[in-house]
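Report on the structure
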Amino acid sequence: MKRLLILFVFVALSLPMSADAAIGFVSTTTAVNPASNTVAYDATATNGYLVVQTLKQSSQTVTGVTYNSVAMTQLTTIQGNTAAETLYLWGLAAPTTGTNDIVVSVSGAGTLVVDVALYSGAQQTTAVEATSTNSGIDATSASVTVTTITDNDWLVGYFRSNSGSGAFTAGANTVVRGDAANGTRQMVDTGADQTPAGSKSLNVTMALAANWSAMAFALKPTAAAPSAATPILSLVKAFWLF
């Protein structure tokens, strides 16, 4: 009697893992006492994340910030160089592309400073993983540390000092994004993926000893889509047994 023996051979090809898309710096601008507390800004970026820093002085209070009429989220705040000065960081994922208005809602009188930065490649639903602040007195160096959760995060931050002259100089793991000659305030970031996740710092030095304040947050990258799946192959062989 002949018997049929059928062998099934399965070849499983592994699927590529999703990779994190790299975060990138796009642009920055600054305004002091902008007319109607409004700054026009082009937030065009792929998977963009818009960052706004507001610095108020005297009796002024900042109650909110919008971009193209969409409310931004207050990420963190810290007292500035005096009891009458307060710094705020605001963020918005997926800002409307094109040039639109950043509008700062304030009450009271006083100097208002608005600093803006735009990043691409950011996660659009949970972009900010952690925040931190720090301050110091009569120092020529400053730092702020954030504990990241995800590999390839960037740190984005802001330094403020009462050094009226000189300049900020980028320290380890830090890129100065504004006018480096401005010795009183700067937007900064790490300029590179932070891997592995953990305790990471932004660092600057100042030309003159000064009191300083700093704010920072961890910006999470968006996950790239995986490559198309490779189907599992099934090979069938049949043999007649005698």
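Before reading on, note that the structure itself is shown above.
One structure accompanies this document, and this report is about it. Note that the structure is a prediction, hence the values are computed from the model and not measured.

Rules of the game
- Residues numbered from 1 in each chain as written.
- Predicted model: local features only at pLDDT ≥ 70, side-chain atom pairs only at ≥ 80, totals over all residues.
- Heavy atoms only, no water.
- Helix = DSSP H or I, 4+ residues; strand = E, 2+ residues; numbered from the N terminus.
- Buried < 20%, exposed > 50% of the residue type's maximum accessible area, 1.4 Å probe, protein only.
- Contact = heavy atoms within 4.5 Å.
- Areas by Shrake-Rupley, 256 points an atom, 1.4 Å probe, with all protein chains shown as cover.
- Core = buried A, V, L, I, M, F, W, Y, C linked by side-chain atoms within 4.5 Å.
- Polar contact = N/O pair within 3.5 Å; in protein donor to acceptor, adjacent residues only side chain to side chain.

Let us now look at the overall build of the protein. For the protein, the helix and strand inventory stands at zero helices and 17 strands. Looking at the 242 residues of the protein, the share that counts as buried comes to 42%. Here the analysis covers contacts within the protein between residues at least 6 apart in sequence; of these, 82% occur between residues at least 24 apart. Carbon and sulfur atoms form 55% of the exposed surface of the protein, whose accessible area is close to 11,400 Å².

A cis amide bond, omega 0 degrees, links Thr-195 with the succeeding residue Pro-196. Relative to the helices and strands, Pro-196 resides in the loop between strand E15 (185-189) and strand E16 (199-219). In this structure, Ala-94 is a non-glycine residue whose phi angle is positive, near 55 degrees. Examined against the element boundaries, Ala-94 turns out to sit in the loop between strand E8 (86-93) and strand E9 (99-107). Take Ala-94: its relative accessible area is 48%, and that puts it in the partly exposed class. One non-glycine residue, Asn-173, adopts positive backbone phi at about 65 degrees. Its place among the elements puts Asn-173 in the loop between strand E13 (168-170) and strand E14 (175-176). Residue classification places Asn-173 among the partly exposed residues on the basis of a relative accessible area of 33%.

For the rest of this paragraph, the subject is the nonpolar core. Judged by nonpolar contacts, the single largest core of 20 residues is most densely connected at Tyr-49, Val-51, Tyr-119, Phe-217 and Leu-219. Every element with two or more residues in this core is listed here: strand E4 (49-56), strand E7 (73-79), E8, strand E10 (112-120), strand E12 (154-161) and E16. Of all hydrophobic cores here, the second largest spans 19 residues; its members include Ala-43, Leu-50, Tyr-67 and Leu-118.

Turning to the side chain of Arg-185, a few remarks are in order. By secondary structure assignment, the location of Arg-185 is in strand E15. Arg-185 sits in the buried class, given a relative accessible area of 13%. Side chain to side chain, Arg-185 and Thr-30 meet in a polar contact 3.4 Å long. Setting aside chain neighbours within four positions, we find Arg-185 in contact with Thr-30, Val-32, Val-113, Asp-115, Tyr-158, Phe-159, Arg-160 and Phe-168.

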